[in-house]
Amino acid sequence: MPRGRCRLSAEMRATRLFFQSLSPCCCVLLVAQIICFEGDKQHQATQQLISLLFPMEKLESLKSAVASLSEISENEKNGFINLVSRYLSGEAQHIEWSKIQTPTDEVVVPYDTLSTSPDDPAETKKLLDKLVVLKLNGGLGTTMGCTGPKSVIEVRNGLTFLDLIVLQIENLNSKYGCNVPLVLMNSFNTHDETLKIVDKYSNSNIVIHTFNQSQYPRLVVEDFTPLPSKGQHGKEGWYPPGHGDVFASLMNSGKLDAFLSQGKEYVFVANSDNLGAIVDLKILNHLIQNKNEYCMEVTPKTLADVKGGTLISYEGKVQLLEIAQVPDEHVNEFKSIEKFKIFNTNNLWLNLSAVKRLVEADALKMEIIPNPKEVNGIKVLQLETAAGAAIKFFDHAIGINVPRSRFLPVKATSDLLLVQSDLYTLVDGFVIRNKARANPTNPSIELGPEFKKVGNFLSRFKSIPSIIELDSLKVTGDVWFGAGIVLKGKVTIAAKLGVKLEIPDGAVIENKEINGPEDI
């Protein structure tokens with residue numbers, strides 16, 4: 001199907017009449033088939049089909065159903081209807097591949113060219129007093145086998161993500177006598193649990209604010225009605241609409257106006273599980289000096305990051321290009337680390353006044369990401385947006401090409417092994433890379449399903465091995481690690497099916513493939 005704005009030609013009107021003549025059952029089967037597509041084809045096909053089956057007139061009945069939902073606010077209802085309206089209109093940006101340009105160093109600024117931050121502690125205090133730190137805290141730890149917010153998973157020395165974030169900001173506030181507040185954007189999935197946890201920091205040198213991002217009803221594909229209207233009033237009837245919702249939710253919470261009244265100018269937004277996303281005075285100083293309204297931190301791609309969004313110059317503006325926007329014939333080119341050398345870390349710096357101006361003008365119309373799901377056997381659709389896509393709406397928006405050390409996400413237990421090892425140390429809440437490692441990139445770690453859950457992962461190591469000189473590690477099967485183990489070079493450990501393989505205390509394994517005790 002063609003890209004770009006969906007206009008109802010005579011052919012499409014005829015197609016709509018055809019679809020509307022079908023029974024609801026046939027329509028559902030067609031939608032079910034489309035949901036089996038992958039990636040961009042699915043997004044296009046789903047949007048086109050739904051636009052045909054459920055024209056804009058259907059919005060009135062949807063509005064009526066949403067109006068009766070007592071669980072959400074008027075702002076949430078309006079935001080949701082606005083999102084659905086945009087989706088049904090077929091609104092989409094058409095990217096002309098030939099117009100894409102590589103951003104210059106003025107658009108994506110090399111980190112090394114930034115001016116040093118002020119030496120005078122009083123000037124540093126002035127800088128920091130203009131800053132708010134906001135962590136995206138809506139995710140659960142379920143993929144790593146944990147319950148509750150992901151930010152309460154223990155990372156190192158018994159400290160959680162949230163503990164480390166609080167320690168970092170508390171250290172800044174104490175060192176410079178400033179008042180940098182921490183804001184947690186929760187979802188309805190994490191809010192209640194987070195409020196209980198935050199209470200333990202009441203005596204810390206930090207003010208912690210929380211607010212909820214929007215709560216939208218999942219849409220039933222069969223008839224485009226809200227899932228809660230079908231009697232699904234529990235959490236499964238709802239979804240948080242992606243981190244692109246941060247702008248409106250921050251405004252609707254009243255926090256944005258409160259921070260502006262306190263003289264705050266910028267907010268640093270980052271994922272709570274990115275241990276490298278710490279306050280950077282050089283970046284903050286650069287943005288204030290150059291009056292940049294938006295800054296996205298990008299970093300050089302590796303082969304593990306080829307699907308990540310990248311910054312491009314397009315028709316005189318900087319914008320994010322995601323893989324879903326790339327024509328099929330250019331996907332391999334997009335994944336190349338030769339042409340598109342950087343990717344989005346989702347560390348974002350935003351001017352608060354600019355956020356207020358754009359939200360009030362309803363100008364932040366980021367690309368919509370359709371996310372089909374199935375809930376209790378019912379096929380549903382979630383419409384989401386991403387904060388990075390907002391870059392093109394801000395004035396003087398830039399990227400900064402930062403060191404890889406500012407991107408240290410923990411998405412799986414393989415990442416947890418890295419940060420718990422001797423590859424890193426912990427100082428004042430900051431995770432610092434060990435200078436003893438000569439290789440600038442981290443080892444590649446691949447752990448089998450036996451290690452997927454945090455509890456299982458921890459139980460299989462008496463202590464985390466030394467990996468300072470490790471290039472890659474692949475572990476499969478029922479493998480257990482003793483204490484004081486050293487891994488070097490390329491190591492593969494594969495237990496035979498049904499056999500428990502124990503790596504003994506003090507073992508030094510270098511450039512080996514181990515399938516049994518005899519190989520150690």
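Structure's up top.
Here the structure is a predicted model, which means the values were calculated and not measured.

K.L.:
It is not clear to me how the sheet that holds strand E18 (residues 398-401) should be interpreted in this structure. Could you clarify?
P.N.:
Sheet strands line up and pair through hydrogen bonds in the backbone, either parallel or antiparallel. If you walk across this open sheet you meet the eight strands as E1-E18-E12-E15-E11-E2-E5-E6, and the pairing is mixed. Lying at the two open borders of the sheet, with one neighbouring strand each, are strand E1 (108-110) and strand E6 (208-212). Going from strand to strand, the sheet's axes swing by 25 degrees on average, the running direction of each strand aside. Two strands pair when backbone bridges link them, and strand E12 (residues 294-300) and E18 are joined in this way by four bridges, in the parallel orientation. By the bridge assignment, Cys 295 is partnered in E18 with Ile 398. Its contacts with the sheet put helix H13 (residues 352-360) on strand E2 (131-137), strand E11 (266-271) and strand E15 (342-351), and the angle it makes with E15 is roughly 90 degrees.

K.L.:
Quick question: what am I supposed to make of helix H11 (residues 281-290) here?
P.N.:
Taken across its ten residues, H11 has eight buried, putting it largely inside the fold. Listing the buried residues of H11 in full gives Leu 281, Lys 282, Ile 283, Leu 284, Asn 285, His 286, Leu 287 and Ile 288. Regarding H11, its N-cap is Asp 280, as a side-chain oxygen of that residue lies 3.0 Å from the backbone nitrogen of Lys 282 further along. After H11 finishes, the residue Lys 291 shows a positive phi value of roughly 55 degrees.

K.L.:
Explain the packing of aromatic side chains here, please?
P.N.:
One pair of aromatic rings is described through two measures. These are the centre distance and the angle between the planes. The final tally for this structure, using the stated rule, is twelve aromatic pairs. Ring geometry for Phe 457 and Phe 461: centres 5.2 Å apart, planes at 55 degrees, overall tilted. In this pair, the class of Phe 457 matches that of Phe 461, namely buried. Taken together, Phe 451, Phe 457, Phe 461 and Phe 481 form an aromatic cluster joined through their ring pairs. Here the basic side chain of Lys 301 rests over the ring of Phe 334, its NZ or CZ set 4.7 Å away from the ring centre.

K.L.:
Is there a simple way to explain the nonpolar core in this structure?
P.N.:
One recurring pattern in soluble globular proteins is that nonpolar side chains are buried together. Within the largest apolar cluster, 39 residues are counted, with the highest numbers of intra-cluster contacts made by Leu 275, Val 479, Phe 481, Ile 493 and Ile 503. Elements with a minimum of two residues in this core: helix H7 (161-176), helix H14 (413-420), strand E21 (444-447), helix H15 (454-459), strand E22 (470-476), strand E23 (479-481), strand E24 (486-494) and strand E25 (501-503). The element best represented in this core is H14, accounting for four residues.

K.L.:
When you look at the sheet that holds strand E9 (residues 225-226) in this model, what are you seeing that I'm missing?
P.N.:
Strand order in the open sheet formed by four strands is E9-E8-E17-E16, with antiparallel pairing between adjacent strands. In this open sheet, the two edge strands, each paired with only one partner strand, are E9 and strand E16 (369-375). The sheet contact formed by E16 and strand E17 (residues 378-384) spans seven bridges and is antiparallel. Across the sheet, residue Pro 370 finds its bridge partner in E17, namely Leu 383. The strands touched by helix H5 (residues 74-88) within the sheet are strand E8 (219-220), E16 and E17, with E17 carrying the most contacts at an inclination of about 95 degrees.

K.L.:
Just checking my understanding: could you explain helix H4 (residues 58-67) for this structure?
P.N.:
Given 3.6 residues to a turn, an α-helix orients residues that are three or four positions apart in the same direction. Of all the residues in H4, the buried ones are Leu 59, Leu 62, Ala 65 and Val 66. The buried residues of H4 occupy an angular sector of 120 degrees when projected down its axis, which confines them to one face. Opposite the packed face of H4, turned more than 90 degrees from it, sit the exposed residues Glu 60, Ser 64 and Ala 67. Buried residues in H4 make contact with H5, E8 and E9.

K.L.:
For this particular structure, what's the right way to read the pattern of salt bridges?
P.N.:
Should the charged atoms of two oppositely charged side chains come close, the side chains can pair. Tallied over the entire structure, the rule returns 26 salt bridges. Between Asp 223 and Lys 230 there is a salt bridge; the shortest N-O distance is 2.6 Å. Residue classification places Asp 223 among the partly exposed residues on the basis of a relative accessible area of 28%. With relative accessibility at 44%, the residue Lys 230 sits in the partly exposed group. Taking the shortest distance from any N to any O, the salt bridge between Lys 379 and Glu 374 comes out at 3.0 Å. Each member of the salt-bridge network shares a partner with another, and the members are Glu 96, Lys 99 and Glu 315.

Rules used in this analysis
Residues numbered from 1 in each chain as written. Predicted model: local features only at pLDDT ≥ 70, side-chain atom pairs only at ≥ 80, totals over all residues. Heavy atoms only, no water. Pairing = 2+ DSSP bridges. Helix = DSSP H or I, 4+ residues; strand = E, 2+ residues; numbered from the N terminus. Axes fitted to C-alpha atoms, helices over the stretch in contact; angles between N-to-C directions. Contact = heavy atoms within 4.5 Å. Buried < 20%, exposed > 50% of the residue type's maximum accessible area, 1.4 Å probe, protein only. Polar contact = N/O pair within 3.5 Å; in protein donor to acceptor, adjacent residues only side chain to side chain. Phe/Tyr/Trp six-rings, centres within 6.5 Å; stacked < 30°, edge-to-face > 60°. Lys NZ or Arg CZ within 6 Å of the ring centre and 35° of its normal. Core = buried A, V, L, I, M, F, W, Y, C linked by side-chain atoms within 4.5 Å. Arc of directions from axis to C-beta. Salt bridge = Lys/Arg side-chain N within 4 Å of Asp/Glu carboxyl O.

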